[in-house]
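Residue-level listing of the chains:
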Amino acid sequence: MTSSWLKHYSTQLIGTAFILLGAISAPSSATTLTGFRTEGDMMSGMKVTASFLDGSSQTNIWGPTDDRSGGAFGTGWSLTESRDSYSAPWILTNSSQGITSLVIQAIPGNTVFDTYPFLTGPLQTDGSAEGWTFEPKSGQSPSSFAYSDEIDISQGDLFGTLSLYWDTGFTGQLVFRADTDSGSSNDPVKPKNPVAENSPPTVDFSLPTIYEGQSAATALYATDPGEDTITFFLNGVNQGTDFNRSGIRTKSTNLGYFPDNGTFTYTAQARDEDGNYSTPVTNNLTVLNVPPSVTNLNIPTIYEGRSASAYISATDPGADAISFFLNNNYVGTDASTSGTRAIDANLGYFADNGYIPYTGYAVDKDGGVSAPVNSGLTVLNVRPRLTRFNLSSNTIYQGQSVSAWLSARDPGADGETFFINGNNVGTNPKTSGNRWIYTNLGTFTDVGTYDLTAISRDKDRAFSNRRTTTLTVLNTPPTITSLTGDLTVNSGKTFDFTAVATDPGVNDTLTYAWDMNNDGVYNDFTGANGEWSFGDEGTYVIGVEVTDSNGGHTYSQFTVKTVAEQTVPATAVPEPSSELGLLALSAFGMGSVLKRRQKS
C-alpha cells in the first residue's frame, strides 16, 4: 500500500491543525486523536493476552523498550513493535507450547487500531488519516483474526482490540502489520459500547444419565458481554475455543467411556479472550448399573460313577467381578472386570444314573442379577461288569452237587441280579463296592459236559459282560444195594437168586449179568433175578455184574453149597412162599425158567 503524505507528515503545524479539528468535531467527552503516527514506545499500558493449547493464558502489559519501541513479554513468548506502526511491522515470537489466541487490547494504552486505508470515504474518521488492517508478512498466519471494541468516534475504522486465532496453535515467529493511532491525555480512547473490562463470561452445561458400558458427551455453553472468543474448561482441562465473538458460544466434548456405574462430578468454566473466568458450574453424570447376562451354561453328559463340572460364563458392560450361582448355591467368582467372565464349577460325584436340572444365574459386584438360564446334567447308566464266575469244582461225579461264586462291580448305586444260563440265581442288594452271591446249582444226575454262562443285571436292566465255564460230570458206577445171601441147598434142587442195584444217573439203564460157574465170564444168566440148580454136591460161587448205560460196572457174589438131601438143614432152603420166591416169580415168571442153566 502506498503511504499518504498526510500520514507521514509530522510537522507541529499539521498535528496541531488536526488536534484543533478533532476538538471542534468531537465533544470533550469523546476520544481525541492526537496523532496518527504511533510508535512502539507510545502504546504503553496495552494489555496483551496469550492463550495456549493446554488452556492456560498469560496477560502482560505493554511497555517501552527504547525511545521508539515497545513490547509485551511472557514466558517463552513476546510481542514487539518498533517505529511507526503504519510502516513498521509487529513481531510475535513463541518458543513454548502453541498459542491458540493473541488478544491485543489497545484502549488501556490510549491507543486505537486504524483499519481504513483511504483518506476519504464513508469509514474515514476525522483525524485518523490512512490506516492499515491486519496483514501477515511472514510466519504462521492465524486461522482467523478480528477487530472489536469499536471506538466512540469511529466511523467504522477505529477499534480497541485486535484478536488473532490459531486452531492448531502457533509457534515460531509471525511478522505482521497493523496500524495504530494515539488518543490524547485529556480525552483518552473510549469504546463506543462500553463493557466492563473485567466482565466475565457465563457458562452452563448439562449431563445425561447413562448405563455402565456406554459413552457420554456434553455441550458447554457460554455468553460474554464483550466481543470475545470463549475457551471452555471441564474439570480444569481445556476443551477448546469457540471463535465466534457474539451470541451463545458452545463446545461439544466427549466425556469418554464409563465402564462402571457411579456418580461422576464435572465442573465447567469459561474464559474469554481477555482472561476473565466465569463462575464455575458443577453437575453430576449418573452411570447406572447394568446386570450381567449369562452367555453359556454348559453341563456335560456323563456316566454314573463319575464327577462332573459345569461351565458358566457371563458378560457385563460394567467393570464388575461376577459371581455365579447354580440352583441358588454359590459356585465361584471370576474377578476379571472386562470381557467374558467364567468359571468351571465342580458339581460333585454322581453315583446313579438320572437327570438333574440346574438353574444358573450371575450377580455382579453391585448386586445386579442376570436372567436365569436352565440346563441339566444327564447321568447315563453304566452296565455292570461281571468280575468272577467260579465253580466249587469243575469236575464232579454223577449224583454230586456243585456251587457257584459270582461277583460283579457297578459304578452305579445298583443292586445286582445274577443269572446262569438264563436262570435267576440270586440278587445282591448292595449299592456300592463288590456285589456277590454264592449259590448251589444242585445235583447233576447225568453224565456230560455242561457249558455254564453267567451274567449280571443292574436295577436299570443293563446286562454285564458274560463269563462261561465248563462243568464235567463223570459217570458213577451203579451200587448193588441187595444180593441173595449165601445158601445151602440140596443138590439138584432149584433155588432163587436176585440182585438189586441203584445208579445216580437218572437216564442210565442197568444191566445184570451173572457168572454161575465161576469162570469169570458173566454170560450165564441175564436179569435182576432168576432160578438155578446144581446137580452135584459142592460149593459154588455165583457172581453178578451190574453195568450202567455209560459203561460203569460193579460186582458182587454169594456162595451156594449143595448137599445130599438128608443133610440139608430144614431152614436152609427158602420156601416158595418167601419174599425171595415171590420176587422171582413176579419178576420173571416162566421166562426165568428158560434161562436156567444146570451144572452137570
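Residues numbered from 1 in each chain as written. Predicted model: local features only at pLDDT ≥ 70, side-chain atom pairs only at ≥ 80, totals over all residues. Heavy atoms only, no water.

**Some thoughts on the side chain of Asp242**
For clarity, the cut-off: Secondary structure follows DSSP: runs of H or I at least 4 residues long count as helices, runs of E at least 2 residues long count as strands, and numbering of each begins at the N terminus. When a residue's accessible area, from a 1.4 Å probe over protein chains only, is under 20% of the maximum for its type it is buried; when over 50% it is exposed; and in between it is partly exposed. Residues counted as positive are Lys and Arg, residues counted as negative are Asp and Glu, and His and the chain ends are not counted. Salt bridges are defined by distance alone: a side-chain nitrogen of Lys or Arg within 4 Å of a carboxyl oxygen of Asp or Glu. Two N or O atoms form a polar contact when they lie within 3.5 Å of each other; inside protein one atom must be a possible hydrogen donor and the other a possible acceptor, and for residues adjacent in sequence the pair counts only when both atoms belong to side chains. Here, two residues are considered to be in contact whenever any of their heavy atoms come within 4.5 Å of each other.
Mapped onto the secondary structure, Asp242 falls in strand S17 (residues 237-242). Notably, Asp242 is buried but unbridged: the nearest opposite-charge side chain belongs to Arg249, and the N-O separation is 6.0 Å. A distance of 2.8 Å separates polar atoms of two side chains, one belonging to Asp242 and the other to Asn244. If near-sequence neighbours (up to four positions away) are discounted, Asp242 is found in contact with Thr229, Ile230, Phe232, Ile248, Arg249 and Thr250.

**Overview of the nonpolar core**
Nonpolar side chains in soluble globular proteins generally cluster together in the buried interior. This is how it is decided: Residues belong to one nonpolar core when they are buried, are Ala, Val, Leu, Ile, Met, Phe, Trp, Tyr or Cys, and are joined through side-chain atoms within 4.5 Å.
In this structure, Leu79, Trp90, Leu92, Leu102, Leu162 and Phe176 are the most contacted members of the largest nonpolar core, which totals 26 residues. Counting residues per element, the ones that place at least two in this core are strand S2 (47-52), strand S6 (77-82), strand S7 (90-105) and strand S11 (158-177). Here this core takes 7 residues from S11, the largest share from any one element.

**Looking at the confidence of the model for the protein**
Parts of the prediction with low pLDDT should not have their coordinates interpreted in detail. Here is the rule: Residue-level confidence of the predictor, termed pLDDT, takes values from 0 up to 100.
Considering every residue of the protein, the mean pLDDT works out to 88; 89% of them sit at 70 or more. Throughout residues 1-28 the model reports pLDDT below 50, and contacts reaching past four residues in sequence, or to other chains, amount to 38 contacts. This stretch, residues 570-600, has a pLDDT under 50; its non-local contacts, to residues over four places away or in other chains, come to 49 contacts.

**Remarks on a positive patch on the surface**
Filter applied, for reference: For patch building, the residue pool is restricted to those with more than 30% relative accessible area and no salt bridge; the joining distance is 9 Å between like charges and 5 Å between nonpolar side chains (Val, Leu, Ile, Met, Phe, Trp, Tyr). Throughout, the Shrake-Rupley method with a 1.4 Å probe supplies accessible areas, and for residues the shown protein chains are the sole cover considered. Lys charges are placed at NZ, Arg charges at CZ, Asp charges at CG and Glu charges at CD.
Together, Arg385, Arg409, Lys430 and Arg467 line one region of the surface with positive charge. For Lys430, a relative accessible area of 40% translates into the label partly exposed.

**A few points about the packing of aromatic side chains**
Definition in use: We call Phe, Tyr and Trp rings a pair once their centres come within 6.5 Å, taking the six-membered ring for Trp, and we label the pair stacked below 30 degrees between planes, edge-to-face above 60, and tilted otherwise.
Taken as a whole and assessed by the stated rule, the structure comprises 26 aromatic pairs. Measuring from centroid to centroid gives 6.2 Å for Phe145 and Tyr147, while their planes differ by 90°, and the two rings are edge-to-face. According to the relative accessible area criterion, Phe145 is partly exposed, its value standing at 38%. Tyr147 sits in the buried class, given a relative accessible area of 15%. Considering the side-chain rings of Phe497 and Phe525, the 5.1 Å spacing of their centres and the 80° angle between planes classify their relative orientation as edge-to-face.

**Considerations on the environment of Ala413**
Relative to the helices and strands, Ala413 resides in the loop between strand S31 (400-409) and strand S32 (416-420). Separated by 18 residues in the primary sequence, Ala413 and Thr431 have C-alpha atoms spaced 4.3 Å apart. The contact partners of Ala413, leaving out residues within four places of it in the chain, are Ala351, Asp352, Thr431, Arg435 and Lys459.

**Quick word on the sheet that holds strand S24 (residues 322-326)**
Pairing between the strands of a sheet is mediated by backbone hydrogen bonds and can be parallel or antiparallel. Quick note on the threshold: Two strands form a pair only when DSSP identifies at least two bridges running between them. Fitting a line to C-alpha atoms yields each axis, with helices limited to the stretch in contact; the angle taken between N-to-C directions then spans 0 to 180 degrees.
Spatial strand order, S22-S28-S27-S24-S25: 5 strands in an open sheet with mixed pairing. The open sheet has two edge strands with one neighbour each: strand S22 (301-303) and strand S25 (329-334). When strand polarity is set aside, the average angle formed by the axes of neighbouring strands in this sheet is 25°. Here 3 bridges tie S22 to strand S28 (residues 373-380), and the two strands are oriented parallel to one another. By the bridge assignment for S28, Thr301 is matched with Thr378.

**Quick word on the sheet that holds strand S42 (residues 529-533)**
One open sheet holds the 3 strands; their spatial order is S37-S39-S42, and the pairing between them is antiparallel. Two strands close off the open sheet at either side, each with one partner strand: strand S37 (479-483) and S42. Direction aside, the axes of adjacent strands within the sheet are offset by 30° on average. In this sheet, strand S39 (residues 494-502) lies alongside S37 in antiparallel orientation, the contact comprising 4 bridges. Pairing of Ser482 across the sheet is with Val500, part of S39.

**Some remarks on the side chain of Asp228**
Note on placement: Asp228 falls in the loop between strand S15 (214-223) and strand S16 (230-234). The side chain of Asp228 is buried and forms no salt bridge, while Arg245, the nearest opposite charge, is found at 5.0 Å. Among residues more than four places away in sequence, those in contact with Asp228 are Asn244, Arg245, Arg249, Asp272, Glu273 and Asp274.

**Describing the pattern of salt bridges**
Under the definition given, this model contains 12 salt bridges. With its nearest N and O atoms 3.1 Å apart, the salt bridge here joins Lys365 to Asp366. Between Lys459 and Asp414 there is a salt bridge; the shortest N-O distance is 3.4 Å. Residue Lys459 is found in the loop between strand S35 (448-458) and strand S36 (467-474), and its partner Asp414 is found in the loop between S31 and S32; the two are separated by 45 residues along the sequence. Exposure remark for Asp414: the relative accessible area of 0% places this residue in the buried category. What emerges from the salt-bridge pattern is a single network uniting Arg37, Glu39, Arg68 and Asp84.

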